[in-house]
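Overview (structure and organization)
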Amino acid sequence: MLVLVAPGQGAQTPGFLTPWLELPGATDRVAAWSDAIGLDLAHYGTQADADAIRDTAVAQPLLVAAGLLSASALGDIADIAPGAVAGHSVGEITAAAFAGVLDDTAALTLVRTRGLAMAEAAAITETGMSALLGGDPEVSVAHLEKLGLTPANINGAGQIVAAGTLEQLTALNEDKPEGVRKVVALKVAGAFHTHHMAPAVETLAGAAKELTPADPAVTYVSNKDGQTVATGSEVLERLVGQVANPVRWDLCMETFKELGVTALIEVCPGGTLTGLAKRALPGVKTLALKTPDDLDAAREVIAEHTA
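Let me sum up the structure you'll find in this document. (Residues numbered from 1 in each chain as written. Predicted model: local features only at pLDDT ≥ 70, side-chain atom pairs only at ≥ 80, totals over all residues. Heavy atoms only, no water.)

**Points about the overall build of the protein**
Broken down by element type, the protein carries 14 helices and ten strands. Taking 19 Å as the expected radius of gyration for a compact globule of 307 residues, we find that the protein reaches 18 Å, a close match to that expectation. Along the first, second and third principal axes, the C-alpha atoms of the protein reach 50 × 45 × 35 Å. Each of the 307 residues in the protein was classed as buried or not, and the buried ones make up 55%. A total accessible area of about 12300 Å² is found for the protein, and carbon and sulfur atoms account for 50% of it. (Helix = DSSP H or I, 4+ residues; strand = E, 2+ residues; numbered from the N terminus. Rg over C-alpha atoms; globule rule 2.2 N^0.38 Å. Buried < 20%, exposed > 50% of the residue type's maximum accessible area, 1.4 Å probe, protein only. Areas by Shrake-Rupley, 256 points an atom, 1.4 Å probe, with all protein chains shown as cover.)

And the structure:
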């Protein structure tokens, strides 16, 4: 059984969209999306530097656009035939489009609002996120709470992401939890999935009311608790609330296992989630779509792991 997943913020790198725009029809498609949301996706995906694409308001729609574009290069969702879809953080909106809950334009419109709202919320206080590598999750979570930090992403495979003020993150660098090998600052501009994002929830809720979601045509696995969600209205409700609540990717991977996953493909810019899967889901075939050169290998995985 194949699972199709989409990465979250921090996966972007300068120029990562360049080779994808060389595919037939890609430039026109991205131009139409850019017009729809008032953001030059092609520019940011090909020419902008790391600081420019670190901006939350830019990074989030850019990641969703890249995920949709790279997946479409494999064919329609019916051709890919995943047994389940999921996304990490903003990747949940990409996954909602894969599942047919939102069409591409609606997904990009929603994520543009999300990015802008979260950027505004992040500007209120200087905040950020850092990944903890290694250590015992229970020990790490207790240590983070002692420092006033939130375990914003519990990713499994020995990785937890802490979020909070820059002062709190500095304290974490100086006082790591027992067993943690390394603390790595992430390329994000705020403490996402924490109470710092509460102002964005209200904005996103208003935008969500303008949408008419369809029920998922493919099993959709939610970051909230790793559970599958059967209705479009609940998917949308969870997308709104998840902005200020922790991502439980560890529970998503547990659900993949329960569903009988045998292969996992991560859409562009792939790498982060396949890395986690290699450690947490031994024996599962993984493939990350980094450039169009990976498409043939992805098609082989699809052929081998779908009915």
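**Observations regarding the pattern of salt bridges**
The final tally for this structure, using the stated rule, is six salt bridges. Ionic pairing is found between Arg-238 and Glu-234, a salt bridge with its closest N-O pair at 3.0 Å. With Arg-238 and Glu-234 both in helix H11 (residues 232-241) and four residues apart, the pair spans about one turn of that helix. A salt bridge links Lys-257 to Glu-254; its shortest N-O distance comes to 3.5 Å. Of this pair, Lys-257 and Glu-254 both sit in helix H12 (residues 249-259), three residues apart, which is roughly one turn of that helix. Overall, Lys-257 belongs to the partly exposed group, its relative accessible area being 46%. Take Glu-254: its relative accessible area is 38%, and that puts it in the partly exposed class. Beyond isolated ion pairs, a larger network of salt bridges with shared partners links Asp-225, Glu-234 and Arg-238. (Salt bridge = Lys/Arg side-chain N within 4 Å of Asp/Glu carboxyl O.)

**Description of the packing of aromatic side chains**
Aromatic ring pairs are reported here in terms of the distance separating the ring centres and the angle at which the planes meet. What the rule picks out here adds up to one aromatic pair. Aromatic pair Trp-249 and Phe-256: ring centres 5.7 Å apart, planes at 80 degrees, arrangement edge-to-face. Of the two residues, Trp-249 and Phe-256, both sit in the buried class. (Phe/Tyr/Trp six-rings, centres within 6.5 Å; stacked < 30°, edge-to-face > 60°.)

**So, helix H10 (residues 198-208)**
Since the α-helix packs 3.6 residues into each turn, any two residues three or four apart lie on the same face. Of all the residues in H10, the buried ones are Ala-200, Leu-204, Ala-207 and Ala-208. One face of H10 carries all of its buried residues, which in axial projection span an arc of 95 degrees. Turning to H10, the residues buried within the fold contact helix H7 (104-122) and H11. (Arc of directions from axis to C-beta. Contact = heavy atoms within 4.5 Å.)

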